[in-house]
Amino acid sequence: NPENREEGEAREGTRVGTMTVGGSGKPHPSGLPTVEDQLNHIGMGNKHWFLFFISSLLVAADGMEMVVISLLHDPLRREWNLDELGFASLGSVVFAGLLVGNLTGGLFADKFGRRNTLLAVSMVFGVGGLASALAVDVMTFAICRFITGIGVGSMIPVADSLMIEWSPTEWRGRLAMLLTGVAFALGSMFACLVGIVMHDLFAGEGAWWRYMVLVCVLPGIVSLPLMYLYLPESPHWLMVQGRREEAEEEIALFAKANGVEPLQGGKVAPLDHGPHEVASLEHLSGLFSGRLIKSTVFITVAYTVCGFVYYGHIFIYPILLEEEYHMEVREAYGTMMIGVVVEIATVLACMVIMDVPGIGRRGAMASGFVACFVVSCLVTISQNVSQFVFLNSAVRALIEGPFTVIYIYAGELLPSSHRATGISFCNSFGRIAAMGAPVATTWAEESSIIVVFGLFAAASGLGVLSIVLFKKETLGKPLAELVEDVEDEDEEQRPLL
């Protein structure tokens, strides 16, 4: 609408006849607008929100799958006579699938496009999820969960990249936070609700958990026809591949849907460095070039810390509620839903904080890591169930803040040529940490609750150290297309706050 257009022009300095390089203020030699200029000019509209809705279905499915195993602690143990270590190993199998999905999904997204990759991984997710509900023994169930994990492991990094690459600069952080934070948390909440309903409806059947697993696959399945019919390809990816005319066509469709005339008839300035070829190891090595190495290391550490604390807590918390406070299924699920509500509130707060000048992405992440460290220490001295529930809700919510921000931060630090690959590669280390979290937290719980939350505190402390040492801020800056477009990491050194 006209207001969006005026806001975009005022904030980004984009004017017909004065085209900038991605909103940086530097005129492009061709005199044509860049992709970033066009997106800022078009502003937010119905097309963006529909893209957000489709992406949210995928991320919500991810959120549901992440809590399903931990919610089914007792029924799965009874179904197949599993001990604690056996159940923890079953949880690790899911994260092994996530690891494979992370490593392959990003490469496929940078090679074959965001749209094609999301269609493929959603089908993998659907097949694995449906087969899980029909598994006749624990080995079959483990294999099906591994396949499900492969699909889930690719969803968030690729959906996040697509959303970032279609967003106006002003909206980029907000949309990505809503996607990776709120949609994920709502998926977790929906899984808890499904568990309560299925347990009450089929309480007389020992296999009530199968209905729960089946329902949790539905968001991913529903998204398939919507993606096939309506999901656009990323204009940034098309430009990197040298498919400029297709990028212009996609931008024109968004502009028409938003009721805005694109700049200069929808034309887009060519890239200065030409098309980029994605070539496996050579492509991956770009993440370790002089311009990206520090960002790659920082993003990897951040994902590792967040993956261990967040998924470790998701796994062990319902077990602690059952074993330490003897909560029944309905009560335990309801208690976890309280944590999800607190988590959503924290994400919304981070969404505001991360856009405040002087705080930005780094400050928001640092605040979350410090707070998580403090609260993890406090859990060990909780005196009753109310304090235990309150502090645990805070631990999960506080680590979700940096965990959500890092998806935006990483997407802005990495160029379009390496964005999906980089997020997936770095996040794969978070999946490795998540894969080890069930076994590590189960071992720690056998010793003491103090050991469990001592692990979470130590990981959060590592997160604080990483954000203090990393100096680059991305708030309000345009997306780079190629590695050559990224600012040298030694050029910008700034304090944390």
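Going by the structure above, here's the rest.
Residues numbered from 1 in each chain as written. Predicted model: local features only at pLDDT ≥ 70, side-chain atom pairs only at ≥ 80, totals over all residues. Heavy atoms only, no water.

Enquirer: What am I meant to see in the overall build of the chain here?
Expert: Helices and strands together make up the secondary structure of the chain, namely 19 helices and zero strands. Taking all 497 residues of the chain together, 60% fall into the buried category. Of the contacts formed within the chain by residues at least 6 apart in sequence, a portion of 82% connects residues at least 24 apart. Element-wise, carbon and sulfur atoms account for 66% of the exposed surface of the chain, whose accessible area totals about 18,000 Å². (Helix = DSSP H or I, 4+ residues; strand = E, 2+ residues; numbered from the N terminus. Buried < 20%, exposed > 50% of the residue type's maximum accessible area, 1.4 Å probe, protein only. Contact = heavy atoms within 4.5 Å. Areas by Shrake-Rupley, 256 points an atom, 1.4 Å probe, with all protein chains shown as cover.)

Enquirer: So what exactly am I meant to see when it comes to the packing of helix H3 (residues 46-71) against helix H14 (residues 293-325) here?
Expert: What describes two packed helices is the angle between their axes and the distance between those same axes. Two numbers describe how H3 lies on H14: the axes approach to 8 Å, and their chain directions differ by 30°. Two packed elements cross with a definite hand, and for H3 against H14 that hand is right-handed. Residue-level contacts link Met-66, Val-67 and Ser-70 of H3 to Tyr-311, Ile-314, Phe-315 and Pro-318 of H14. When the residues that make up the contact of H3 with H14 are grouped by side-chain class, the tally is six nonpolar, one polar and no charged. (Axes fitted to C-alpha atoms, helices over the stretch in contact; angles between N-to-C directions. Left-handed = near helix turned anticlockwise from the far one by under 90°. Nonpolar A, V, L, I, M, F, W, Y, C, P; charged D, E, K, R; others polar.)

Enquirer: I'm lost on unusual backbone geometry in this one. Help?
Expert: Glycine aside, a negative phi is what most residues show, and trans is what most peptide bonds show. In this structure, Asn-81 is a non-glycine residue whose phi angle is positive, near 55°. Note that Asn-81 resides in the loop between helix H4 (73-80) and helix H5 (84-112). Although it is not a glycine, Gln-264 sits at a positive phi angle of roughly 50°. For Gln-264, the position within the fold is in the loop between helix H12 (244-257) and helix H13 (280-285).

Enquirer: What should I look at first to understand H3 in this one?
Expert: Each α-helix winds once per 3.6 residues, and so residues spaced three or four apart point in a common direction. Taking 1.5 Å per residue as the helical rise, H3 with its 26 residues ought to reach 38 Å, and the 36 Å between its terminal C-alpha atoms agrees with that figure. Most of H3 sits inside the fold, with 21 of its 26 residues counted as buried. (Expected span 1.5 Å × (residues − 1).)

Enquirer: Mind showing me how you'd approach the environment of Trp-80 here?
Expert: Looking at where Trp-80 falls in the secondary structure, it is placed in helix H4. When its relative accessible area of 15% is taken as the criterion, Trp-80 is described as buried. Between the C-alpha atoms of Trp-80 and Val-136, which are 56 residues apart in sequence, the distance is 9.8 Å. When neighbours within four sequence positions are excluded, Trp-80 is seen to be in contact with Ala-135, Val-136, Asp-137, Val-138, Phe-141, Trp-209 and Arg-210.

Enquirer: For this particular structure, what's the right way to read the pattern of salt bridges?
Expert: In this structure the tally under the stated criterion is 15 salt bridges. Of the charged contacts in the structure, one is a salt bridge between Asp-62 and Arg-431, with a shortest N-O distance of 3.9 Å. A residue pair is termed long-range when its members are at least 10 positions apart, and Asp-62 in helix H3 and Arg-431 in helix H18 (residues 419-447) qualify at 369 residues. According to the relative accessible area criterion, Arg-431 is buried, its value standing at 1%. We note a salt bridge from Arg-174 to Glu-170, for which the minimum N-O separation is 3.5 Å. Separated by four residues within a single helix, Arg-174 and Glu-170 lie in helix H8 (residues 169-201), roughly one turn from each other. Judged by its relative accessible area of 28%, Arg-174 falls in the partly exposed class. (Salt bridge = Lys/Arg side-chain N within 4 Å of Asp/Glu carboxyl O.)

Enquirer: I tried to follow the packing of H14 against helix H19 (residues 449-469) on my own but got confused; where do I start?
Expert: One way to put it is that H14 packs onto H19 with a least axis distance of 10 Å and a crossing angle of 160°. Relative to H19, the element H14 is oriented roughly antiparallel. Read as a crossing pair, H14 and H19 show a hand that is left-handed. From H14, Phe-298, Val-301, Val-305, Phe-308, Val-309, Gly-312, His-313, Ile-316, Leu-320 and Glu-324 reach across to H19, where they touch Ile-449, Val-452, Phe-453, Leu-455, Phe-456, Ala-459, Ser-460, Leu-462, Gly-463, Ser-466 and Ile-467. Among the residues making up the contact of H14 with H19, the classes are represented as 15 nonpolar, five polar and one charged. (Parallel < 35°, antiparallel > 145°, perpendicular 65-115°, else oblique.)

Enquirer: Help me understand a nonpolar patch on the surface, please; the structure alone is not making it clear to me.
Expert: Judged by side-chain polarity, Phe-50, Phe-53, Tyr-228, Leu-229 and Tyr-230 come together as a nonpolar surface patch covering roughly 560 Å² of accessible area. Sorting the residues of the nonpolar patch by element identifies H3 and helix H10 (218-230) as the ones contributing at least two each. Top element by residues in the nonpolar patch is H10. It accounts for three residues. With respect to the helices, strands and loops of the structure, Tyr-228 is situated in helix H10. What makes Tyr-228 exposed here is its relative accessible area of 57%. (Patch = residues over 30% accessible without salt bridge, like charges linked within 9 Å, V, L, I, M, F, W, Y side chains within 5 Å.)

Enquirer: Looking at this structure, I do not really get the packing of aromatic side chains. What am I missing?
Expert: Aromatic ring pairs are described here by two measures, namely the spacing of the ring centres and the angle between the planes. Applying the stated rule across the entire model yields 28 aromatic pairs. Ring centres 5.7 Å apart and planes at 90° place the aromatic pair Trp-49 and Trp-171 in the edge-to-face group. One end of the pair, Trp-49, is in helix H3; the other, Trp-171, is in helix H8, and 122 residues separate them in sequence. Given the relative accessible area of 36%, Trp-49 is considered partly exposed. The ring of Trp-171 has Arg-174 sitting right over it, with the charged end atom 5.1 Å from the ring centre. (Phe/Tyr/Trp six-rings, centres within 6.5 Å; stacked < 30°, edge-to-face > 60°. Lys NZ or Arg CZ within 6 Å of the ring centre and 35° of its normal.)

Enquirer: Even after reading the chapter, I still don't get the state of the cysteines, so can you show me in this structure?
Expert: Disulfide: a covalent bond connecting the sulfur atoms of a pair of cysteines. Scanning the model with the defined rule gives zero disulfides in all. Left unpaired, Cys-372 is separated from the closest cysteine sulfur, that of Cys-306, by 8.6 Å. (Disulfide = S-S within 2.5 Å.)

Enquirer: Would you explain the side chain of Arg-210 in this entry?
Expert: Within the secondary structure, Arg-210 is located in helix H9 (residues 208-215). One polar contact links the side chain of Arg-210 to the main-chain carbonyl oxygen of Ala-133, over a distance of 3.0 Å. Not counting chain neighbours up to four residues away, the residues in contact with Arg-210 comprise Glu-79, Trp-80, Ser-132, Ala-133, Leu-134 and Ala-135. (Polar contact = N/O pair within 3.5 Å; in protein donor to acceptor, adjacent residues only side chain to side chain.)

Enquirer: What is the right way to read H19 from this model?
Expert: A rise of 1.5 Å per residue sets the reference length of H19, with its 21 residues, at 30 Å; its end C-alpha atoms lie 31 Å apart and thus fit the reference within 8%. Within the span of H19, buried status applies to Ile-449, Val-452, Phe-453, Phe-456, Ala-457, Ala-459, Ser-460, Gly-463, Ser-466 and Ile-467. Buried positions along H19 lie against H14, helix H16 (360-379), helix H17 (385-413) and H18. Looking at where H19 begins, the residue whose side-chain oxygen comes 3.0 Å from the main-chain nitrogen of Ile-450 is Ser-448.

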